[in-house]
Amino acid sequence: MVTVGLMMGSRERQDLQTETDGGRTEGESTQADGGSLVQAGQCPYPCPDICAEVRALRDMLVEVKAEMKVQLRNMETRLKESETLVDQLKADLDATKVSMELLQKENSDMKTRLSSIESELVTSNSRMDQLEKEIKEKPKVAFSTALSYAGKMGPFNTDITLKYSKILTNIGESYSPSTGLFTAPVKGVYRFHFTVFGYAAVSSCLLLVGLCFSGIQADGGSFGQVDQTNQRDVAESTSKQTTPDIWAEVRALRDMLVEVKAEMRVQLRNMETRLKESETLVDQLKAELDVTKVRMELLQKENSVMKTRLSSMENELVISKTRMDQLEKELKEKPKVAFSTALSDAGKIGPFNTDITLKYSKVFTNIGESYSPSTGFFTAPVKGVYGFHFTVFGYAAVTSCLLLVGLCFSGTQADGGSLVQAGQCPYPCPDICAEVRALRDMLVEVKAEMKVQLRNMETRLKESETLVDQLKADLDATKVSMELLQKENSDMKTRLSSIESELVLSNSRMDQLEKELKEQKQKPKIAFSAALANGQVGPFNTGITLTYSKVFTNIGESFSPSTGLFTAPVKGVYRLQFTMFAYNSIISCVKLYKNNQQLIYNLHDKPNISTEYFTNSVILELQARDDVFLVLPANCAVHDDGNHYSTFSGSLLFTL
């Protein structure tokens, strides 16, 4: 009976071994196998509960290993994705930092250019203000008056101030007819001329000044639960007399397996938590980087627009400066020339056998130093039209000169603490020892493998976390830099908008100044001087218009020598002057007309004086096409010859 039982057991064990090998081979395709000799539901040993315990341990170990591998595979996939995303984030952040550096450089360049443009604009506006002041604030002052028909005045016991009540012209209201005083409104060079003859007096004044112009929950999962412990205790009490140490070994293996599973799950839970945090942080970093890239694109677009606007403003400022320089050159290079002198108290000069040059040593005014009192010469400093006037009367002589011209910006391997060593087994059932050894080796292998994989994943996860922390720090720094750039861009946009507004205003003012200067340049340059040059004219029974055939100057062709008429081409203030020469005791007289209105009448009727000059001048406000001419009244005559004693002159002082 016993022998047969043993033989049957041996055959069954061989069959079981074959089935187990086949099942194990099949199982190895997906999970590790411990090489068990005990199959479920079959046991050839006198201790069936130990077989069940070993089977449960093997199944549990296979399950744990499979579960760990699945979780590790999932974590590996997620970790790779996280590492890939971190690499991508790092590349994007590096590109963002490069773009940020370029933006910072562009912003720095634009700030420099903007500051330069602001400085240049301040200078330009200052120069513009000065130009406007010099152009627009230049007062136009001219007056011409007469004593009116007051009859004879004087003589008096004391000097009196003559009050010229007949106002012919009073541009600027600087002359007071009630006091007879002319008050200079601004510092400048003024020309005064008066005539006193018989019972008539005329005074005229002319102002001559230059232009002043921006988890997985931890699970014990062991079959060694409270409800199963009692069953094991019963089995132990039945087999304790034969194999007491095998139970201790199996319990140690179970406890080790539970511990390994719990430890692995804790570590996996921790890694799962850290991986989730890393993934969350990576997602957050990715979102922030996307926002940063959008803001960067907006900044780049704003910078591009500002660069375009800045370049445009720089070009406009260059044009504005060029125009300003040209204006200043045209304004500042105009020489101011005027002189007035007298012979001083030299007494009588002449007569001499030959002509001499008169040297006027008493200098009243010599603006521009163009007159030399040592030689008596006036030397013209520039090409232009000059007005000359001299008076010779008795023993005194006065000469005066006036320039009248136009504005020419392992690990350690896990140790199960087994009581069964390789090649040693104290129990009467050696196959059980082999099974337990296989389970222990498998458990150690699983634990070591899990630790290696966990260590590798730990290393990679730490590297990923370090890189994520670095990326977060870099992104924070990038955000700070971005905020500073946005603030700088906002400030520059404000300054740029302000500069654009100022530049528009500056250009508008410049256009207005150029328009005014162009008008002044286009202002007709009018000046004429002519003489009779045809011997004695008159007397006649009726008055005639004097025609001056000898033309010295006729700038603007406004004087007609054939008719004797001067026709004003534009509205403005004109100065007109005439000189007459009486000869051989003839009665000489002349009238000055504006259109059909008589303005001045001069008379010489002293037959006992063989020769005498009389001269007069007037400043008139004329409309375009007004005519001014001289009339020789009936029974009057005037004399002239090649010496040109009798002249008629005029010039445009300024337009209105």
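Residues numbered from 1 in each chain as written. Predicted model: local features only at pLDDT ≥ 70, side-chain atom pairs only at ≥ 80, totals over all residues. Heavy atoms only, no water.

Chemist: Would you take a moment to explain the sheet that holds strand β13 (residues 527-531) for this structure?
Modeler: Strands pair in a sheet through their backbones, by hydrogen bonds, and they do so in one of two ways: parallel or antiparallel. Strand order in the open sheet formed by five strands is β15-β13-β22-β17-β20, and the pairing between neighbours is antiparallel. A strand with exactly one partner marks an edge of an open sheet, and here the two such strands are β15 (550-555) and β20 (611-622). Averaged over neighbouring strand pairs, the angle between their axes works out to 10° when direction is ignored. With eight bridges joining them, strand β17 (residues 572-583) and strand β22 (residues 647-655) adopt antiparallel strand pairing. Bridge pairing in β22 places V573 opposite F654. (Pairing = 2+ DSSP bridges. Helix = DSSP H or I, 4+ residues; strand = E, 2+ residues; numbered from the N terminus. Axes fitted to C-alpha atoms, helices over the stretch in contact; angles between N-to-C directions.)

Chemist: Just to check I follow, could you spell out the state of the cysteines for this structure?
Modeler: Disulfide: a covalent bond connecting the sulfur atoms of a pair of cysteines. Taken as a whole and judged by the stated rule, the model has one disulfide. C589 shares a disulfide with C636; S-S distance 1.8 Å. Across the S-S bond of C589 and C636 the torsion is about 100°, and the bridge reads as right-handed. Here C636 lies in the loop between β21 (627-632) and β22 and C589 lies in strand β18 (residues 588-594), a separation of 47 residues in the sequence. With respect to burial, C589 and C636 carry one shared label: buried. (Disulfide = S-S within 2.5 Å. Buried < 20%, exposed > 50% of the residue type's maximum accessible area, 1.4 Å probe, protein only.)

Chemist: Got a minute to help me understand the packing of aromatic side chains in this structure?
Modeler: In this description, an aromatic ring pair is defined by two values, namely the gap between the centres and the angle between the planes. A full pass over the atoms with the stated rule returns 18 aromatic pairs. Plain terms: the ring middles of F182 and Y190 are 5.6 Å apart, the flat faces sit at 65° to each other, and that makes the pair edge-to-face. Y190 shares its class with F182; the two are buried. Clustering of aromatic rings is evident, with ring pairs tying together F528, Y548, F559, F566, Y574 and F648. For K591, the ring lying beneath its charged end belongs to Y601, and the centroid distance is 5.4 Å. (Phe/Tyr/Trp six-rings, centres within 6.5 Å; stacked < 30°, edge-to-face > 60°. Lys NZ or Arg CZ within 6 Å of the ring centre and 35° of its normal.)

Chemist: Which parts of the structure should I look at to understand the pattern of salt bridges?
Modeler: Pairs may arise between side chains of opposite charge once their charged atoms sit close together. Under the definition given, this model contains 25 salt bridges. Its salt-bridge partner being E279, residue R78 comes within 2.8 Å of it at the nearest N-O pair. Among the ionic pairs, K111 bridges to E488, the shortest N-O distance being 3.9 Å. A relative accessible area of 35% means that K111 is categorised as partly exposed. Taking relative accessible area as the criterion, E488 reaches 28% and is therefore assigned partly exposed. (Salt bridge = Lys/Arg side-chain N within 4 Å of Asp/Glu carboxyl O.)

Chemist: I would appreciate a short explanation of unusual backbone geometry in the present structure.
Modeler: Trans is the common state for peptide bonds, and a negative phi is the common state for residues other than glycine. Note the cis peptide between G350 and P351, where omega equals 5°. For the peptide bond that leads from G538 to P539, omega is 0°, which places it in the cis range. With respect to the secondary-structure elements, P539 resides in the loop between β13 and β14 (544-545). At N595, a residue that is not glycine, the phi angle is positive and equals roughly 55°. Locating N595 in the fold gives a position in the loop between β18 and β19 (597-604). The partly exposed category is assigned to N595, whose relative accessible area is 29%. If you check the backbone angles, R625 has positive phi at about 80° while not being a glycine. In this structure, R625 sits in the loop between β20 and β21. For R625, a relative accessible area of 61% translates into the label exposed.

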